[in-house]
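Here's the letter readout for the chains.
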Amino acid sequence: MTHSPWTGLAIAGPLLLAGAGGGLVIAPNQTLALSEIPHTSGGTAGGVLQTGQRIGTAIGLSAVGAVFFGRLTASGGDWADAISHGLLITVGLVALALVLGVADLVAARRARGRDTPATATGRQ
């Protein structure tokens, strides 16, 4: 196995991009998730949201870790293969989150579309 002095830089770019993307998503996600919650229930809703995020993170890390270490053992210590499989699971989980988010957005827009046509045209 060969090591390149450029490996760190090759990894730093994608990690920087992922970190910036995560930072740009987290605050708006909190705002959007709690936007329709009454102010009197904001504390409870925020706590439930944070708990759900922590549970999701724990399950995701466990799944990726299990795949990584399982593949590392099965491949006889091939780190590149194990990392590739772990990243594949990570990408799959992110894609699943994207699909669920888009489906939720489409469902919300359809629900709003059903509620507003009569009032938007002025007919009752």
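Criteria and cut-off values
Residues numbered from 1 in each chain as written. Predicted model: local features only at pLDDT ≥ 70, side-chain atom pairs only at ≥ 80, totals over all residues. Heavy atoms only, no water. Helix = DSSP H or I, 4+ residues; strand = E, 2+ residues; numbered from the N terminus. Buried < 20%, exposed > 50% of the residue type's maximum accessible area, 1.4 Å probe, protein only. Areas by Shrake-Rupley, 256 points an atom, 1.4 Å probe, with all protein chains shown as cover. Patch = residues over 30% accessible without salt bridge, like charges linked within 9 Å, V, L, I, M, F, W, Y side chains within 5 Å. Salt bridge = Lys/Arg side-chain N within 4 Å of Asp/Glu carboxyl O. Axes fitted to C-alpha atoms, helices over the stretch in contact; angles between N-to-C directions. Parallel < 35°, antiparallel > 145°, perpendicular 65-115°, else oblique. Left-handed = near helix turned anticlockwise from the far one by under 90°. Contact = heavy atoms within 4.5 Å. Nonpolar A, V, L, I, M, F, W, Y, C, P; charged D, E, K, R; others polar. Phe/Tyr/Trp six-rings, centres within 6.5 Å; stacked < 30°, edge-to-face > 60°. Expected span 1.5 Å × (residues − 1).

S.K.: Teacher, can you tell me more about the overall build of the chain here?
M.R.: Helix and strand content of the chain: four helices and zero strands. Each helix (α) and strand (β) of the chain, taken in turn from the N terminus, gives the series α-α-α-α. By the burial criterion, 9% of the 124 residues in the chain qualify as buried. Of the accessible surface of the chain, which amounts to about 9,700 Å², a share of 71% is contributed by carbon and sulfur atoms.

S.K.: It is not clear to me how a nonpolar patch on the surface should be interpreted in this structure. Could you clarify?
M.R.: Where nonpolar side chains cluster on the molecular surface, the patch consists of Ile89, Leu93, Leu96 and Leu100 and spans about 340 Å² of accessible area. One can find Leu96 in helix H3 (residues 79–115). When its relative accessible area of 47% is taken as the criterion, Leu96 is described as partly exposed.

S.K.: Explanation requested: the packing of helix H1 (residues 7–34) against helix H2 (residues 42–74) in the structure shown.
M.R.: How two helices pack is summed up by the angle between their axes together with the distance between the axes. For the pair H1 and H2, the least separation of the axes is 11 Å and the interaxial angle reads 130°. Considering their axes alone, H1 and H2 lie oblique with respect to each other. In this structure, H1 meets H2 at a crossing whose hand is right-handed. Where H1 approaches H2, its residues Asn29, Gln30, Ala33 and Leu34 are matched on the opposing element by Ala45, Gly46, Leu49, Gln50 and Gln53. Considered class by class, the residues forming the contact of H1 with H2 number four nonpolar, five polar and no charged.

S.K.: Would you explain the packing of aromatic side chains in this entry?
M.R.: When we look at a pair of aromatic rings, we describe it by the centre distance and by the angle of the planes. With the rule as written, the count across this model stands at two aromatic pairs. Centroid distance Phe68 to Phe69: 4.8 Å. Interplanar angle 80°. Geometry classified as edge-to-face. These aromatic residues form a ring-pair network of at least three members: Phe68, Phe69 and Trp79.

S.K.: Whenever I open this one, H2 confuses me. Can you help?
M.R.: Given 3.6 residues per turn, any residue in an α-helix points the same way as the ones three and four places further on. Over its 33 residues, H2 extends 47 Å from the first C-alpha to the last, a length consistent with the 48 Å expected when each residue adds 1.5 Å. For H2, the full list of buried residues reads Ala45, Gly46, Leu49, Gly60, Val64, Phe68 and Leu72. One or two positions beyond H2, positive phi appears at Gly76, with a value near 75°.

S.K.: Please clarify how the pattern of salt bridges should be interpreted in this entry.
M.R.: Pairing is possible between side chains of opposite charge, provided their charged atoms come close. Across all of its chains, the model carries one salt bridge by this definition. Asp81 is paired through a salt bridge with Arg71; the nearest N and O atoms lie 2.5 Å apart. Of this pair, Asp81 sits in helix H3 while Arg71 is found in helix H2, placing the two residues ten residues apart along the sequence.

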